[in-house]
Amino acid sequence: MNRELLASLIDRLDYGPAPESESKTREWLKGHDSTFSHYINGAWQPPKNGRHLTTINPAKSNEVLAEIALGTKEDVDAAVDAAKQAFPSWSMLSGHHRARYLYGIARAVAKHARIFAVLESLDNGKPIRETRDIDVPVVIRHFYYHAGWAQTMEQEFPGYRPGGVIAQIIPWNFPFLMLAWKIAPAIAAGNTVVIKPSKSTPLTALLLADVLMNEVNLPPGVVNIITGDSRTGTMLYEHPIPWKVTFTGSTEVGRIIRKGTAGSGKHLTMELGGKSPFIVFESADLDSAIEGVVNGIWFNEGQVCCAGSRLLVQEGIHNDFINRLKRRMRKLRVGNPLDKAVDMGAINNAEQFKKITEMMEVGKKEGAVMWQPDNVDCPKGGYFLPPTLFTNVEPSQTIAQEEIFGPVLVTLTFRTPSEAIQLANNTRYGLAASIWSQDIDTAMDVARKVKAGTVWINSTNLFDAAAGFGGYRESGYGREGGREGMYDVLLDDDHRSDSTGDGHGAKGMVSLGRQTREEATGTVVASHGVDRTFRFLIGGTLVRPDQAGSYSVTSPAGELLAVVGEANRKDVRNAVEAARRAFPSWFESSAHLRAQILFFWAENLAAERERFARALTAQTGCTPDAAQAEVEQAISRLFDFAAYADKFGGTVQPVLGRRLVVGLREPVGVIGIRASDNSPLLGLISVIAAGIAMANTVVVVAGIHAMTAMDLVQVIQHSDVPAGVINILTSAQPDAIAKIIAEHEDVDAIWFFGNTEGSKVVEEASSSNMKQTWVSDGRQIDWSTLKRDRLLLKSTQVKNIWVPYGV
Ligand code: NAD
């Protein structure tokens, strides 16, 4: 540094340039002639069509860093085939053996940490301060942590096994971190993987390939890396071999993948977009909260799925807070990502740069006021943007609703905690939230009520492998990290015993005779002495079908057993509204109360065991012994979930640092269920009891065995189940009704136990608001042996609340 510059810096007390050396990283690129193949079966394999894409340095937008292979169908086939071949021996290795490989990866990444950090900054544009202190250390932690799960898997997950090949697709904002989040749990569990990085940030994945090949000696085919663009991604998720697709990226592409995999039987983990609230109460430590905002929205230039992009400030402190924030924004440094004293680097690519600047224009047009510090210089020749703040924002404006994915913060005010919660939840997303208050009651109350997979109290953007990460609502489903993340890369043994069939193995029959309202309003006396009426259970009362349609339930011999209501779209709407209305207080109810109700329901069912057994025999033609056994199992199942209601709670996750991470198992919300046609009583009770034990409310549609559902309605009504918690419809075409439920925007999950076509239809329909799905794909579920775990896991989603401590 020359004397003059030094003197002027001392004069101004300003930062001088402090660039990190890039020579080692450039050497590595040069060693490959800056041209890369795919990493398949433990070796570099050139693209079959010989075509390449370029990846650039976004801080110097004309500089090409490397040519990367464009993956074609042949390349994807080769990678999937390598993973398939590697699976048997990898999954048969002892957990300890796999653990040693994961530990080896952690160590090797640590050894080359600086090259990884510099390469990530060059390829992505993010500051070296972040790649060096966050991205790479979190990657290492992830491999260590999952070495631990590999080691303990046999003891910790008995009855679970890896499913085979997993297809993985990741975005550009945390290229190396996302890769670790995907690969580490998958291979720890014994799966093998094919992963596709984003076309604009493939380089750290390719450096890892070098490390796996030359230093870790990972068996060939366990990890395969295919580079390319969205076409390559499509070929990968469409490939028939992978049992699971895990995707991190935009909600828009998540929806495409949900539709594209519908009916394929593939399991999905979806880590999607967000518009996370950052809530500051008057009771907050304001200086800390200001630093929190900086970290919340300007970390990684705001290109963070869980960025605190909506600042909600309590009215009384709003002006003061915004003034302080503006002062702090003036101090942020935008510049060369490799400069160790830079706060914000470059936006990753031209397309994203354009999208952010367009969103700024939209904000201004819609009447919000944009502010950028006038003293922050953005270097020329790269995709740099200054920190940006919007005030005068209305909650419904585009910039308050849509993910901008850039350094743009929008501000809203609130008066009371309940208004803060309402504003926080006023979005289709549910990835994260950050809450600032020194008042623990307020902070925890809001944490509980905000719909988000991760909640940080007096902190933000903290990550640890022990705390699973993932979304609620349109931010996706499934978790990465934590014990919860391991369940997402494992299959339970029930899957093995699911027999294939079309889901219509049950013996009852449906005759679709439409009746008039007069006919249907009467009670039909069935030959078995069981009285049937046709009404639905909606909102705690018996309700006539909207269109007075009905159908007959008959015995296998064709005898009329009952006439039940035929549901339509309006009935579905009413049932969903009732379930939604009932949800908040059911969610707030104590687990003890839910247990009591389930025990009471069991007692009332037991009192009518003969009647239920007779009805089962009449409907399905099963023997009286089989019917009695099913009723007894159903009673026991109610006891099961009464027991679990107050035992399947959560954990305190052991993360790094002085923080408790409280992992709560929260309900999914309103669950729509197309009831199973086999084991009509046990199947129905299993899903309803698990759902409501975990504080969900349900809308169920029963089909050919509607008589059992109607019988249950009477018992439910006498069991103190609050109105709207259980809603039951019947239909001769339950698949069509399930589709309507799956399309409903106010339903959070859809479970479908029926044929392959119906499974496909509801999976497609679920993409409208990215509902969680559980479909049987034509397999007949054995309800008598189904793991309770599976039902409980399906009925819950993990919310991790980070609570700092220490004085
Ligand atoms: P993107 O959805 O455009 O792309 C993600 C990946 O999917 C890339 O590898 C891309 O090549 C591939 N892809 C794109 N279209 C595809 C298609 N039709 N079929 C198959 N693959 C396709 O996302 P992005 O722009 O790379 O990343 C930004 C988004 O990622 C943001 O919405 C952000 O919120 C989200 N994100 C979410 C998380 C999370 O954990 N929830 C983490 C990081 C980023």
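Look above for the structure.
For the structure given in this document, a descriptive report is provided here. All residue numbers refer to position in the chain's written sequence, counted from 1. Local features in this predicted model are restricted to residues of pLDDT 70 or higher, and side-chain atom pairs are both shown and tallied only at a pLDDT of 80 or more, whereas totals for entire chains, interfaces and linings draw on every residue. Remark: hydrogens and water are excluded; side-chain values derive from all non-hydrogen atoms of the structure.

**Here's the deal with the packing of helix 4 (residues 95-111) against helix 7 (residues 175-188)**
Axis definition: a line fit to C-alpha positions, over the contact stretch in the case of helices; interaxial angles, taken between N-to-C directions, run 0 to 180 degrees. The secondary structure listing takes helices from DSSP runs of H or I that are at least 4 residues long and strands from runs of E that are at least 2 residues long, numbered from the N terminus. Two numbers describe how helix 4 lies on helix 7: the axes approach to 10 Å, and their chain directions differ by 160°. Classified by the angle between their axes, helix 4 and helix 7 sit roughly antiparallel to one another. Two packed elements cross with a definite hand, and for helix 4 against helix 7 that hand is left-handed. Contacts between helix 4 and helix 7 involve R98, L102, I105 and V109 on the former and, on the latter, F176, A184, I187 and A188. Asp, Glu, Lys and Arg are counted as charged, while Ala, Val, Leu, Ile, Met, Phe, Trp, Tyr, Cys and Pro are counted as nonpolar; the rest, among them Gly, fall into the polar class. Residues of the contact of helix 4 with helix 7, tallied by class, amount to seven nonpolar, no polar and one charged. Should an angle lie under 35 degrees it is considered roughly parallel, over 145 roughly antiparallel, and from 65 to 115 roughly perpendicular; all remaining angles are considered oblique. The handedness criterion is simple: a crossing whose near helix is rotated anticlockwise from the far helix by less than a right angle is left-handed, and one whose near helix is rotated clockwise is right-handed. Every residue pair with non-hydrogen atoms within 4.5 Å of one another is taken to be in contact.

**Thoughts on the pairing of strand 31 (residues 670-674)**
Regular strands have side chains that alternate between both faces of the sheet. Burial status follows relative accessibility: with a 1.4 Å probe on protein chains alone, a residue under 20% of its type maximum counts as buried, one over 50% as exposed, and anything between as partly exposed. Among the five residues of strand 31, five are classified as buried, and the element is accordingly described as predominantly covered. Of the two faces of strand 31, the one carrying V670, G672 and R674 and the one carrying I671 and I673 are both buried. Handedness of a crossover is defined as follows: with both strands directed away from the viewer, a clockwise route from the first strand across the helix to the second makes it right-handed. Handedness of the crossover is the feature at issue here: the chain leaves strand 31, passes through helix 24 (residues 680-693), returns alongside strand 32 (residues 697-702), and the resulting connection is right-handed. Paired strands are those between which DSSP finds at least two bridges. Here four bridges tie strand 31 to strand 34 (residues 749-752), and the two strands are oriented parallel to one another. Paired with I673 across the two strands is W751, which belongs to strand 34.

**Topic: helix 27 (residues 756-766)**
By the burial criterion, the buried members of helix 27 are G758, S759, V762, E763, A765 and S766. Across the axial projection of helix 27, the buried residues extend over an arc of 165°, all falling on one side. Summarising the contacts, the buried residues of helix 27 are in contact with helix 10 (251-261), helix 26 (734-743), strand 34 and strand 35 (772-775). Picture the helix axis, draw a direction to every C-beta atom, and the arc is the one those directions span.

**Considering the nonpolar core**
Of all hydrophobic cores here, the largest spans 119 residues; its most connected members are V223, V280, W298 and L311. In contact with V280, not counting residues within four places along its chain, are L286, A289, L311, L312, V313, Q314, I317, F321, F414 and W436. Residues L561, M694, V713 and A749 belong to the second largest nonpolar core, which totals 71 residues. We define a nonpolar core as any set of buried Ala, Val, Leu, Ile, Met, Phe, Trp, Tyr and Cys residues linked to one another through side-chain atoms lying within 4.5 Å.

**What to know about the sheet that holds strand 5 (residues 64-69)**
The strand order 1-5-4 describes an open sheet built from three strands, whose pairing is mixed. With one partner strand each, in any of the chains shown, strand 1 (35-36) and strand 4 (52-56) form the two edges of the open sheet. Packed on one face of the sheet, helix 8 (residues 203-216) meets strand 1, strand 4 and strand 5 and runs near 65° to strand 5.

**What to know about the pattern of salt bridges**
Criterion for a salt bridge: a side-chain nitrogen of Lys or Arg within 4 Å of a carboxyl oxygen of Asp or Glu. Within the structure shown, the criterion is met by 41 salt bridges. Between E402 and R428 there is a salt bridge whose closest N-O contact spans 3.2 Å. You can see E402 sitting in the loop between helix 14 (398-401) and strand 16 (408-414) and its partner R428 sitting in the loop between helix 15 (417-424) and strand 17 (432-436), a full 26 residues away along the chain. For E402, a relative accessible area of 31% corresponds to the partly exposed category. According to the relative accessible area criterion, R428 is partly exposed, its value standing at 30%. Of the charged contacts in the structure, one is a salt bridge between E632 and R609, with a shortest N-O distance of 2.7 Å. Taken together, the positions of E632 in helix 23 (residues 624-645) and R609 in helix 22 (residues 609-620) put the pair 23 residues apart, joining distant regions of the chain. Overall, E632 belongs to the partly exposed group, its relative accessible area being 36%. Taken together, the shared-partner salt bridges connect R255, E402, R428 and E474 into one network.

**Some thoughts on the site of the ligand**
If a single non-hydrogen atom of a residue is within 4 Å of a molecule or strand, that residue counts as near it. Near the ligand there are 27 residues, and of these I170, K196, S250, L272 and E403 occur at the shortest range. One of the side-chain N or O atoms of W172 is found 3.0 Å from an oxygen atom in the ligand. The definition of a polar contact used here is a pair of N or O atoms within 3.5 Å, where within protein one atom must be able to donate a hydrogen and the other to accept one, and adjacent residues in sequence count solely through side-chain atom pairs. Between a nitrogen atom of the ligand and a main-chain N or O atom of L272, the distance comes to 2.7 Å. Methods summary: accessible areas were calculated by the Shrake-Rupley approach with a probe of 1.4 Å, and residue burial reflects only the protein chains presented. When the free accessible area of the ligand is taken as 850 Å², the share hidden by the protein chains comes to 89%. Breaking the shell around the ligand down by element, the ones donating at least two residues are helix 9 (230-238) and strand 10 (244-248). Residue composition of the shell around the ligand, grouped by class: 14 nonpolar, nine polar and four charged.

**Structural notes on unusual backbone geometry**
We note that E301 has phi near 55°; this positive angle belongs to a residue other than glycine. By the element assignment, E301 lies in the loop between helix 11 (286-298) and strand 13 (310-314). In this structure, A548 is a non-glycine residue whose phi angle is positive, near 60°. Note that A548 resides in the loop between strand 26 (541-543) and strand 27 (550-554).

**A few points about the sheet that holds strand 18 (residues 454-457)**
Here we have ten strands laid out as an open sheet, ordered 14-15-16-13-12-17-18-37-30-29, and mixed in their pairing. Both edges of this open sheet fall to strand 14 (369-371) and strand 29 (651-653), since each of them pairs with a single strand only. Across the sheet, the mean angle from the axis of one strand to that of its neighbour is 25°, orientation sign disregarded. Direction of pairing for strand 30 (residues 659-667) relative to strand 37 (residues 796-804): antiparallel, over a ladder of nine bridges. Bridge pairing in strand 37 links L660 to V803. Sheet strands touched by helix 16 (residues 440-449): strand 12 (277-280), strand 17, strand 18, strand 30 and strand 37. Its angle to strand 37, the strand with the most contacts, is close to 160°.

**Examining the packing of aromatic side chains**
Only centres within 6.5 Å qualify two rings of Phe, Tyr or Trp (six-membered ring in Trp) as a pair; their planes then separate them into stacked at under 30 degrees, edge-to-face at over 60, and tilted for everything else. Throughout the structure, instances matching the rule amount to 26 aromatic pairs. When the ring of F116 is compared with that of F176, the centres are 4.4 Å apart and the planes differ by 10°; the resulting orientation is stacked. Highlighted residues: F116 in helix 5 (residues 113-124) and F176 in helix 7, separated in sequence by 60 residues. Centre to centre, the rings of F641 and Y644 are 6.4 Å apart; their planes meet at 45°, and the pair counts as tilted. Taken together, the residues F641 and Y644, both in helix 23 and three residues apart, mark about one turn of the helix. Residue class for F641 comes out buried when judged on its relative accessible area of 0%. The structure contains a cluster of three or more aromatic residues connected by ring pairs, namely Y145, W149, F157, Y160 and Y487. Criterion for a charge above a ring: Arg CZ or Lys NZ at most 6 Å from the ring centre, at most 35 degrees from the ring normal. Above the ring of F157, the side-chain terminus of R483 is found at 5.2 Å from the ring centroid.

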